[in-house]
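# Structural overview
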Amino acid sequence: MTDRRDFLKQSAAMAALVAMRDPRIPPWMHTAVGSVSLSAPPASVAVIGEPAAIRELLATAVHAATSAGAAYADVRIQRLRGNNVFTREHQILGVGDSDTIGCGVRALVDGTWGFGASRDLTADGVAAAARQAVATARASRVARGTPVQLAPTPSHPDATWSSAFSTDPWTIPLEQQVDLLMRANAAALTAKNVQFVTSGLFFVKEERHYASTEGSTITQTLIRSAPFMAITAVAADRSDFQTRTNVVPPMGRGWEYVLEQDLVGHAAKWGEEAAEKLTATSVTDGRYDLVLHPSNLWLTIHESIGHPTELDRALGYEANYAGTSFVAPPEKVLGQLRYGPDSMNIQGDRSQVGALSTIGYDDDGVQPEDFLIIKNGIFSDYQTTREQANWLKWWYDRQGRAIRSHGCSYAQDWESVQFQRMPNVSLLPGTADHTWDDLIAATDRGIAIIGDGSYSIDQQRYNAQFGGQLCYEIRGGKLGGMLKDVAYQIRTPEFWNSMTMIGGKGSYLLHGTFSDGKGQPSQSNAVSHGAVPARFTQVNVINTGRKL
């Protein structure tokens with residue numbers, strides 16, 4: 001946990017970096033552009049690193065909410081930090097550091113939610129936020145439909161949890177981070193035709209403190225890391241350029257993960273792949289068997305399975321912004337919709353080590369469980385929170401299952417109200433230990449796709465189109481030459497039901513995104529998707545480079 005002294009030192013360092021810039025030169029012409037964003041008043045800073053003081057504030061807020069009339073309340077005191085550095089070829093483009101701390105209180109009054117927040121971490125400040133939450137709930141009662149009922153959950157007094165990191169990125173000097181990126185850029189530039197390289201490091205650190213009227217008091221620390229490189233090769237006659245990017249997935253780990261990815265050692269290879277795309281054959285439209293690498297398939301899982309199986313979305317609560325879902329209504333699809341073949345099992349969880357949505361306890365105070373969204377190809381469950389679990393009581397009763405939240409409640413920061421967000425959603429391995437090479441060898445004519453590219457999908461998550469980073473022709477069970485301008489089109493159930501072969505446990509990989517938007521006002525969460533290589537038969541492929 002960060003103490004007050006470290007907070008002040010780091011804040012001063014970033015402010016000094018900004019101050020050193022020559023004010024006569026426009027910001028975009030500086031070799032380094034530093035930015036600092038702080039929203040922690042002195043009284044709040046004094047609380048950082050003081051567990052006893054934080055516990056007292058949590059208790060004060062809970063007491064204030066119940067004294068004002070809340071039947072239930074929960075409190076989150078959170079510090080959220082972000083750090084990033086960007087480079088291009090041989091120069092630093094920018095350095096950013098953000099830091100915010102505050103308190104959010106949610107109160108339930110007469111079956112209606114209210115919320116209040118404050119960055120004033122004093123007894124008066126958190127009590128005022130609690131009273132605001134109760135007042136908001138009372139004012140909102142006039143618009144309430146069915147009263148909110150929370151599914152039961154055990155209390156977790158004095159619980160702690162930390163994500164899987166061994167080296168906190170905030171202990172790594174900026175100079176060391178920049179040196180790594182510069183050496184990776186230099187290595188990429190050694191590849192033929194490579195002329196442009198951008199790279200960066202993104203880090204997020206959350207210190208989350210939670211308490212509720214049900215007796216839970218939870219402290220958690222999370223770190224997420226995202227190395228980034230985009231390498232562009234340009235044809236000698238300037239007639240074409242191609243980019244290799246999305247080379248390393250983000251992960252819920254620390255600086256050690258960045259080092260394990262060996263950006264410097266792989267950069268030249270990634271540059272060669274960008275150059276090879278310049279001479280790749282433009283794909284011919286038609287139907288092909290596709291062998292999709294986990295680095296490509298994760299995004300298809302995210303868009304065509306992750307989002308449509310959010311219960312609030314399926315019931316229309318997200319229609320104005322995020323959209324609706326073809327996986328609806330629940331009474332017509334649960335236990336009935338064949339999403340894919342018998343070999344298809346999709347798990348929701350917040351437990352995979354290093355995954356971006358992994359956490360010990362969600363923002364409802366629930367310890368998440370692993371659950372099957374799709375079991376043997378049949379749709380069997382939605383993503384839920386404590387409020388939503390009761391909406392599916394009829395289904396759980398029929399299954400002989402207890403009514404409980406899957407632990408999918410999340411707020412992006414202390415001043416945002418928690419709601420249902422996506423857990424890690426993953427395609428589980430098959431029973432046979434097939435590898436990527438096995439799937440290629442079993443395919444006579446097709447296309448192998450590695451890495452994620454551009455995509456589009458309709459608001460019901462039914463019709464979609466996905467590209468990739470590297471595409472190769474498959475002929476007679478062997479990889480052939482590289483292809484470009486490849487995108488595959490899907491109708492979600494048809495696509496997944498065309499899956500005829502999947503990889504085994506040894507081929508399982510995690511990928512994901514640092515930023516997935518939902519809600520109004522919009523919130524962002526990070527989520528991973530595990531997958532094995534998978535083969536799909538006779539999928540429609542179009543040429544995205546064709547000029548009309």
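This is a predicted model, so every value here is computed, not measured.

When you go through the protein residue by residue, the secondary structure sums to 14 helices and 24 strands. Compactness check: the protein gives a C-alpha radius of gyration of 25 Å against a globular reference of 24 Å for 548 residues, within 12% of the reference. Overall, the C-alpha framework of the protein stretches about 70 × 65 × 40 Å when taken along its three principal axes. Here the protein, with 548 residues, has 57% of them falling under the buried criterion.

Looking now at the sheet that holds strand 12 (residues 371–375). If you trace the four strands from one edge of the open sheet to the other, you get 13-12-11-16, paired in antiparallel fashion. Two strands lie at the open edges of the sheet, namely strand 13 (378–379) and strand 16 (424–427), each paired on one side alone. Here strand 11 (residues 346–349) runs beside strand 12; their pairing, made up of three bridges, is antiparallel. Within the sheet, the bridge partner assigned to Ile346 lies in strand 12 and is Ile374.

What follows concerns the domain arrangement of the protein. According to the domain assignment, the protein contains domain 1 (4–278) and domain 2 (286–543). Listed per partner, the contact involves 56 residues of domain 1 and 41 residues of domain 2. Taken together, the connections running from domain 1 to domain 2 amount to four salt bridges. Across the salt bridge formed by Asp363 and Arg208, the nearest N and O atoms sit 2.5 Å from each other. At the surface where domain 1 touches domain 2, the tally comes to 22 residue pairs in polar contact (both at pLDDT 80 or more). Of the residues that constitute the side of domain 1 that touches domain 2, the class distribution is 25 nonpolar, 17 polar and 14 charged.

Turning our eyes to something else, we now look at the pattern of salt bridges. Counted by the stated rule, this structure contains 29 salt bridges. Here Arg253 makes a salt bridge to Glu260, at a shortest N to O gap of 2.8 Å. Taking the shortest distance from any N to any O, the salt bridge between Lys518 and Glu310 comes out at 3.7 Å. Note that Lys518 is positioned in strand 22 (residues 509–518) and Glu310 in the loop between helix 8 (294–306) and helix 9 (311–314), a separation of 208 residues in sequence. Overall, Glu310 belongs to the buried group, its relative accessible area being 0%.

Before going further, it helps to spend a moment on helix 8. The end-to-end C-alpha distance of helix 8 is 15 Å, clearly below the 18 Å that 13 residues give at a rise of 1.5 Å each. Burial analysis of helix 8 places 13 of its 13 residues in the buried class, which makes it a mostly covered element.

Residues Leu315, Tyr317 and Trp391 make up a contiguous nonpolar surface patch of about 310 Å² in total accessible area. When you line up the elements, Tyr317 lands in the loop between helix 9 and helix 10 (330–333).

With that out of the way, let us pick up the side chain of Asp381. For Asp381, the position within the fold is in the loop between strand 13 and helix 11 (386–389). In this structure Asp381 comes out as buried when scored by relative accessible area, which is 0%. Of the polar contacts made by the side chain of Asp381, one reaches the side chain of Arg401; its length is 2.6 Å. Excluding residues within four positions of it along the chain, Asp381 makes contact with Leu334, Phe371, Leu372, Ile373, Leu392, Tyr396, Arg401 and His406.

Structurally, Gly407 can be placed in the loop between helix 12 (393–399) and strand 14 (409–410). Of the residues examined, Gly407 reaches a relative accessible area of 0% and is grouped as buried. For the pair formed by Gly407 and Arg386, sequence separation is 21 residues and the distance between their alpha carbons is 7.6 Å. Ignoring sequence-local partners within four residues, the contact set of Gly407 consists of Arg350, Asp362, Val366, Pro368 and Thr384.

So, about helix 3 (residues 51–67). Compared with the 24 Å implied by 1.5 Å per residue over 17 residues, the 24 Å span of helix 3 between its first and last C-alpha is a close match. Inspection of helix 3 places Ile54, Leu57, Leu58, Ala61, Val62, Ala64 and Ala65 among the buried residues, and these make up the whole buried set. Buried residues of helix 3, viewed axially, fall in a sector of 165°; they line one side. For helix 3, exposure combined with an orientation more than 90 degrees from the buried face picks out Ala52, Glu56, His63 and Ser67. If you follow the buried residues of helix 3, they end up packed against strand 2 (72–88), strand 3 (91–109), helix 4 (123–140), strand 6 (194–212) and strand 7 (217–234). Looking one or two residues past helix 3, Gly69 carries a phi angle of roughly 115°, positive in sign.

The rules we used
- Residues numbered from 1 in each chain as written.
- Predicted model: local features only at pLDDT ≥ 70, side-chain atom pairs only at ≥ 80, totals over all residues.
- Heavy atoms only, no water.
- Helix = DSSP H or I, 4+ residues; strand = E, 2+ residues; numbered from the N terminus.
- Rg over C-alpha atoms; globule rule 2.2 N^0.38 Å.
- Buried < 20%, exposed > 50% of the residue type's maximum accessible area, 1.4 Å probe, protein only.
- Pairing = 2+ DSSP bridges.
- Domains from an automatic or database assignment.
- Contact = heavy atoms within 4.5 Å.
- Salt bridge = Lys/Arg side-chain N within 4 Å of Asp/Glu carboxyl O.
- Polar contact = N/O pair within 3.5 Å; in protein donor to acceptor, adjacent residues only side chain to side chain.
- Nonpolar A, V, L, I, M, F, W, Y, C, P; charged D, E, K, R; others polar.
- Expected span 1.5 Å × (residues − 1).
- Patch = residues over 30% accessible without salt bridge, like charges linked within 9 Å, V, L, I, M, F, W, Y side chains within 5 Å.
- Areas by Shrake-Rupley, 256 points an atom, 1.4 Å probe, with all protein chains shown as cover.
- Arc of directions from axis to C-beta.

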